[in-house]
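# What the coordinates show
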Amino acid sequence: MNSALIELRDLELKTDIGTYGPDDTKPDRHILDLTLGIAVDHVFIARDGMAHVFDYDPLIQEIDRLAADGHYETQERLMTRIAGACAAHPAILHMDISLKKFPVRLGSGSLGVRLSLDEMSTAALRADPLKSVVQTHLVVP
């Protein structure tokens, strides 16, 4: 099986996530890791040029916009919106998203959430962004 991946690592997002009390440790950094599965012919190209590859710059701009779009109560909500932004690009076949916050306690530790969507889930999200991907693939015994 051939595969092609775009990997974005350690992107610090300017965002406001969570609600913290006066004695709580408030994270000062939120870091995004993103792996996008795309068709091989967007990487293995016969000629050089942006017309032959997946242009990820607009996606990164959209992620920055979503991150700065106001207060988020949870990392999960921002991650869900990022997944929707990725699915809006037909070239993206599947995705793995990780969002971590630093520090967790007393200046140390990280806490993250990871979401992996296969091709079927990414296609479902693309087809109907308002429908839950989880509900689409729920198996009832």
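This text goes with the structure placed above it.
Parameters at a glance
- Residues numbered from 1 in each chain as written.
- Predicted model: local features only at pLDDT ≥ 70, side-chain atom pairs only at ≥ 80, totals over all residues.
- Heavy atoms only, no water.
- Buried < 20%, exposed > 50% of the residue type's maximum accessible area, 1.4 Å probe, protein only.
- Helix = DSSP H or I, 4+ residues; strand = E, 2+ residues; numbered from the N terminus.
- Pairing = 2+ DSSP bridges.
- Arc of directions from axis to C-beta.
- Contact = heavy atoms within 4.5 Å.
- Salt bridge = Lys/Arg side-chain N within 4 Å of Asp/Glu carboxyl O.

The side chains of a regular strand alternate between the sheet's two faces. The buried fraction of strand 5 (residues 92-102) amounts to eight of the eleven residues, a majority that puts the element mostly inside the structure. Across seven bridges, the pairing between strand 5 and strand 6 (residues 111-117) is antiparallel. In the sheet register, Leu99 faces strand 6, and the bridge partner there is Val113.

Looking at helix 1 (residues 57-67), one finds that the buried residues are Leu59, Ile63, Leu66 and Ala67. Each buried residue of helix 1 sits inside an arc of 100 degrees when the element is viewed along its axis, so together they form one side. Its buried side turned inward, helix 1 meets strand 1 (4-13), strand 2 (16-17), strand 3 (29-38), strand 4 (71-72), helix 2 (75-87) and strand 5.

Between side chains of opposite charge, a pair can form as their charged atoms come close. Tallying each qualifying case throughout the model produces five salt bridges. Measuring nitrogen to oxygen at the nearest pair gives 2.4 Å for the salt bridge that ties Arg114 to Asp96. With Arg114 in strand 6 and Asp96 in strand 5, the pair connects residues that are 18 residues apart, well separated along the chain. Given the relative accessible area of 54%, Arg114 is considered exposed.

The next point concerns unusual backbone geometry. Cis rather than trans, the peptide bond between Phe102 and Pro103 has omega equal to -20 degrees. By the secondary structure assignment, Pro103 is in the loop between strand 5 and strand 6. Of note in the backbone geometry, Asp10 takes a positive phi value of approximately 60 degrees without being a glycine. You can call Asp10 exposed: its relative accessible area is 56%.

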